[in-house]
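Secondary and tertiary structure notes
The chain contents come next:
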Amino acid sequence: MNDLLFELPLPEFFDLSACLEYMNRSPLECLFRSDGEGVTRLFMLEGTPSLVRLTVAAGTPRLQATLLTGAFPGPKPLAELAQYIVEWFDLDRDLAPFYRLADADPLLQKLAASERGLRIIGIPDLFEALCWAILGQQVNLAFAYRLKQQLTAEYGKSLEYEGHTYYHFPGPETFLQVSMEDLCSLQLTRSKARTLLDVAALIAGGELSREELLALPSPEAAEQRLLKIRGIGPWTSQYVRMRCLRDATAFPVGDVGLQNAVKFLTGMDRKPTPAELLELSVPWRGWEAYATFYLWRALY
C-alpha cells in the first residue's frame with residue numbers, strides 16, 4: 001500500500017533522529033517499531049487496524065504519515081490522527097526558551113547540545129499513560145516494559161505485517177470483565193492490578209477523562225484529581241502530567257532515574273533529596289519536565 005495520509009510542518013528544534021534514539025531505548029517496546037529513519041505504529045482508525053509510518057520528507061521540514069495497511073480514513077479520524085501525532089511528538093511547542101536556559105545551565109548544557117531537537121515523547125491516551133505509570137511504580141524500566149508487553153499481548157489488538165507483529169494498547173472497557181487474578185497471572189502485584197482496574201472503570205464509565213483534567217484550572221488541580229484515586233501517588237500523577245497532559249512544569253522529584261542522573265552528573269556520593277532537586281530546578285522554572293526528560297538521557 002504506502003498511501004500518503006498527510007504531512008505536518010516541523011517546528012524549529014526538532015530532530016526525528018534524536019527522538020528515535022530515545023524511542024529505541026528498549027527492545028521490549030511493543031507499541032511501536034522505530035528504526036534509523038522513522039517509526040511505525042498500529043492505530044485503530046474508524047475501528048479498523050491501520051498501520052502508519054512516520055518519516056521526515058527528504059530535504060524538507062515536514063513529517064510524513066504514510067498508511068502501510070488498512071482502509072484510508074475519513075476526514076475526522078484523519079484529523080484526530082494528525083492531532084495525536086502532534087501531541088505524541090510535542091510538535092506545537094516552541095523550545096527556544098528551554099534551550100536558552102539549558103545552554104546557560106551547567107547541568108543541562110551538554111545534554112541540550114547532544115540531544116538538540118529531542119522532544120518529550122508523549123502518551124496522548126490517558127488510560128495508556130496511567131497504565132504505563134502504574135506498571136512502572138517501584139520497578140526497573142526493563143520489568144515495566146515486560147509487564148506492558150504481557151498486558152498488551154493478552155488484551156490488546158494486533159496485526160501482522162512483513163514478519164512483525166504490531167500491537168495496539170487495550171482500551172479501558174476491555175478490563176471491565178477482567179479480574180485481579182487475571183492481571184496477577186501476568187506478574188502484576190495485587191495493588192497494581194487493583195489500581196489498573198479502578199482506573200479502567202473510571203475512564204470507561206466517563207468519570208475520568210483527559211479532557212476533564214485539561215479543563216481544570218491548573219495542572220496542580222489535575223494532579224489533585226488523580227491523587228484521589230487509590231494507588232495513584234505523587235510520582236504517578238506527576239508522570240501523567242508530564243507525558244499525557246503535556247505540562248512542562250511537571251517535576252517528578254521522586255523519580256529514581258532523575259535522582260540517579262543528577263547524582264551521576266554532579267558526582268554526588270548519594271542520590272539528591274526531593275528538596276535538593278527542587279532547589280536545583282529553580283533556574284528551570286517553567287521547563288522542569290523538559291529538564292527531567294533530558295536528564296534521563298544521561299542514563300540511557
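See the structure above.
Here's a quick rundown of the structure. (Residues numbered from 1 in each chain as written. Predicted model: local features only at pLDDT ≥ 70, side-chain atom pairs only at ≥ 80, totals over all residues. Heavy atoms only, no water.)

Focus on a nonpolar patch on the surface
- On the surface, Leu141, Phe264, Leu265, Leu299 and Tyr300 cluster together into a nonpolar patch covering about 450 Å² of accessible area.
- Along the chain, Phe264 turns up in helix 12 (residues 256-266). (Patch = residues over 30% accessible without salt bridge, like charges linked within 9 Å, V, L, I, M, F, W, Y side chains within 5 Å. Areas by Shrake-Rupley, 256 points an atom, 1.4 Å probe, with all protein chains shown as cover. Salt bridge = Lys/Arg side-chain N within 4 Å of Asp/Glu carboxyl O. Helix = DSSP H or I, 4+ residues; strand = E, 2+ residues; numbered from the N terminus.)

Quick notes on the pattern of salt bridges
- For the structure shown, the criterion picks out 18 salt bridges.
- With a closest N to O distance of 2.7 Å, Asp90 and Arg246 form a salt bridge. Of this pair, Asp90 sits in the loop between helix 2 (75-88) and helix 3 (96-103) while Arg246 sits in the loop between helix 11 (234-243) and helix 12, and the two are 156 residues apart along the sequence. Both residues of the pair, Asp90 and Arg246, belong to the buried class.
- For Asp92, the salt bridge is made with Arg246, and the minimal N-O distance between the two is 2.3 Å. Of this pair, Asp92 sits in the loop between helix 2 and helix 3 while Arg246 sits in the loop between helix 11 and helix 12, placing them 154 residues apart in sequence.
- Here the salt bridges do not stand alone but share partners, grouping Asp90, Asp92, Arg93 and Arg246 into one network. (Buried < 20%, exposed > 50% of the residue type's maximum accessible area, 1.4 Å probe, protein only.)

Quick word on the pairing of strand 5 (residues 62-69)
- Across 6 bridges, the pairing between strand 1 (residues 3-9) and strand 5 is antiparallel. Within strand 5, the residue paired with Phe6 across the bridge is Ala65.
- Direction of pairing for strand 4 (residues 48-56) relative to strand 5: antiparallel, over a ladder of 6 bridges. Residue pairing for strand 5: Val52 is matched across the bridge by Leu67. (Pairing = 2+ DSSP bridges.)

Examining the packing of aromatic side chains
- As enumerated under the stated definition, the model contains 22 aromatic pairs in all.
- A ring pair is formed by Phe43 and Tyr84, whose centres lie 5.3 Å apart and whose planes are at 85°; its orientation type is edge-to-face. Placement of Phe43 in strand 3 (residues 38-45) and of Tyr84 in helix 2 is noted, with a sequence separation of 41 residues between them.
- For Tyr84, a relative accessible area of 17% translates into the label buried.
- For the pair Tyr239 and Trp296, a centre-to-centre distance of 6.2 Å together with 35° between the ring planes defines the contact as tilted. Linking Tyr239 in helix 11 with Trp296 in helix 14 (residues 288-296), this pair joins segments that are 57 residues apart in sequence. Of the two residues, Tyr239 and Trp296, neither departs from the other in class, the shared state being buried.
- Grouped by ring-pair contacts, the aromatic residues Phe13, Phe98, Tyr99, Trp287, Tyr290 and Tyr294 constitute a single cluster.
- Lying over the aromatic face of Tyr99, Arg116 brings its terminal NZ or CZ to 4.1 Å of the ring centre.
- Sitting above the plane of the Trp132 ring, Lys148 keeps its charged end 4.5 Å from the centroid. (Phe/Tyr/Trp six-rings, centres within 6.5 Å; stacked < 30°, edge-to-face > 60°. Lys NZ or Arg CZ within 6 Å of the ring centre and 35° of its normal.)

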